[in-house]
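An overview of the molecular structure
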Amino acid sequence: MGRVEKLVCTGCSLLCEDIDVVFDDKGKINNIFSMCNVGFERFKHLSLDNRLKSSAIRGENKFTNISIDDAVERVAEMLKASKKPLLYGWGYCSCEAIKLGLDIARKLKGVFDNQASKGYWYAYAQAEKYESISNVLEKTLDYANHVIFLGFNPAETHPRHASRYSIFPRGVKVEKGVEGRSITVIDSEETKTSRIAHNKFILEAEDELKLIKTISSMLKGEKLTTSISDVSETKLLELVRDFKNSSYISIFYGSSFFENRDYRLKVDTIYQLVEKIREVNVECTALPMPKPYNMLGAIKTTLKETGYPCAVDFSDEEKKHSPEEKSAINMILNGEVDLALIVGSNIFAELSRPARKKFMGIPVIVLDFIESLTVKNSNLYVASAITGLETGGTVYRADEKKISLTPLFKPPENILSDEDFLSKVYKKI
Ligand code: SF4
């Protein structure tokens, strides 16, 4: 019997650091403590049938397995032959792997983009401006007596959010735990989280925005001039009174609220509310909650290396960065890249039909550990180690805590970490 304590789970951006794993005498996992169902799913990938066991290249009709050395050679050759490669993904990688991706893109004058270009880059920029990132989870645990979940359903995506930080635990100033916190959910559908909320607003997307703006106006003391379907004036007045009686309101918001064409407008509306809440002398923060466990690491590493958070075109000196124009999806759709290297992302599933057509017209290389739709539509895929379980590295929790991952197992034979593979490729180009 053996026990590994304080393993970090990479199931979501909470990066829980309290996972204990017990092994039997033969070295097989006997029990796992403190892990939620989403974390277990990640563990299960170690032995799932659709785990990629070897790298492979597409032939006439099927994929043929190749050795890892061969994969390095071929990927380097394909990249060198490309005039403008796109390197995309990175939210599910260590910061060390992300840095290597940036080095390759810079050297080849390609385009580097991460999942944050769909809106999280802006959400984090605004969160930073309003001092809403650093240590917000612990602050919520200790001081938040009102928590708002906006388009964010932690019960499904970040299952231990409620038990570790935002709803149930007792904190320094929230001694009664759940009994000492008001919970508000604003979402477009009933969720497991909304079922336990004191105040819930299940609204169409445009009404969600209207509701937030209305609360901001009411906090300023303005009279209610607009109506929101199914929300009575009394309910709004009660909510505003509840806000004013709070000492710290912690807002968590997810991609389903803001990730679309209007993401700047939606994110701005959240921080206008933060401002209005602060003006009535109530402390308030609003933290975006991405699903990819290292979304913030991808933003921070890209910022550190290039000065921009995402969507960087190393071939364009005049307009190097534009989340709208230089995002992976736009570059593919506009036919501006002639090869795609995708790392830990199932981008194919997110592309529109015209973008898919363009994507399938260029060579695609994928690094992943699981057989996704993108892997199936690639020209060459590289089976990689599972970060956090088979390989380590640096990652950032959603509220900026820097965390070092320590692997629990060795990766299978012929399989490297993203970092090791990209490092070998970098040396060849
Ligand atoms: S909440 Fe997230 S990080 Fe924590 S155990 Fe669950 S999946 Fe893992």
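Let me begin by describing the structure that accompanies this report. (Residues numbered from 1 in each chain as written. Predicted model: local features only at pLDDT ≥ 70, side-chain atom pairs only at ≥ 80, totals over all residues. Heavy atoms only, no water.)

**Some thoughts on helix 12 (residues 295-306)**
The α-helix advances 3.6 residues per turn, and as a result positions three or four apart in sequence lie on the same side. Here helix 12 contains 12 residues, and its C-alpha end-to-end distance of 16 Å stays within 8% of the 16 Å for a straight helix at 1.5 Å per residue. Regarding helix 12, the residues found buried are M295, L296, G297, A298, I299, T301, T302 and T306. Contacts made by the buried residues of helix 12 are with helix 3 (95-107), strand 7 (111-114), helix 4 (120-129), strand 13 (312-313) and strand 17 (393-396). Immediately beyond the C-terminal end of helix 12, within one or two residues, lies G307, with a positive phi of roughly 90°. (Helix = DSSP H or I, 4+ residues; strand = E, 2+ residues; numbered from the N terminus. Expected span 1.5 Å × (residues − 1). Buried < 20%, exposed > 50% of the residue type's maximum accessible area, 1.4 Å probe, protein only. Contact = heavy atoms within 4.5 Å.)

**Some thoughts on helix 4**
Among the 10 residues in helix 4, 7 count as buried, and that is most of the element. For helix 4, the complete set of buried residues consists of Y120, W121, Y122, A123, Y124, Q126 and A127. In this structure, the buried side of helix 4 is in contact with strand 11 (248-253), helix 10 (255-258), helix 11 (263-279), strand 12 (283-288) and helix 12. Following helix 4 by one or two positions, E131 adopts a phi angle in the positive range, close to 45°.

**Looking at the packing of helix 8 (residues 205-219) against helix 11**
One can describe the packing of helix 8 onto helix 11 by two numbers: an axis separation of 9 Å at closest approach and a directional angle of 25°. Here helix 11 runs roughly parallel to helix 8, going by the angle between their axes. When the axes of helix 8 and helix 11 are compared, the crossing they make is left-handed. Where helix 8 approaches helix 11, its residues A205, L209, I212, K213, I215, S216 and L219 are matched on the opposing element by L265, K266, T269, Q272, L273, K276 and I277. Looking at side-chain class alone, the contact of helix 8 with helix 11 contains 8 nonpolar, 3 polar and 3 charged residues. (Axes fitted to C-alpha atoms, helices over the stretch in contact; angles between N-to-C directions. Parallel < 35°, antiparallel > 145°, perpendicular 65-115°, else oblique. Left-handed = near helix turned anticlockwise from the far one by under 90°. Nonpolar A, V, L, I, M, F, W, Y, C, P; charged D, E, K, R; others polar.)

**Examining the state of the cysteines**
In the structure shown here, the tally under the stated rule is 0 disulfides. The thiol sulfur of C95 is not disulfide-bonded, and the nearest other cysteine sulfur, from C93, lies at 9.6 Å. For C95, a relative accessible area of 9% translates into the label buried. (Disulfide = S-S within 2.5 Å.)

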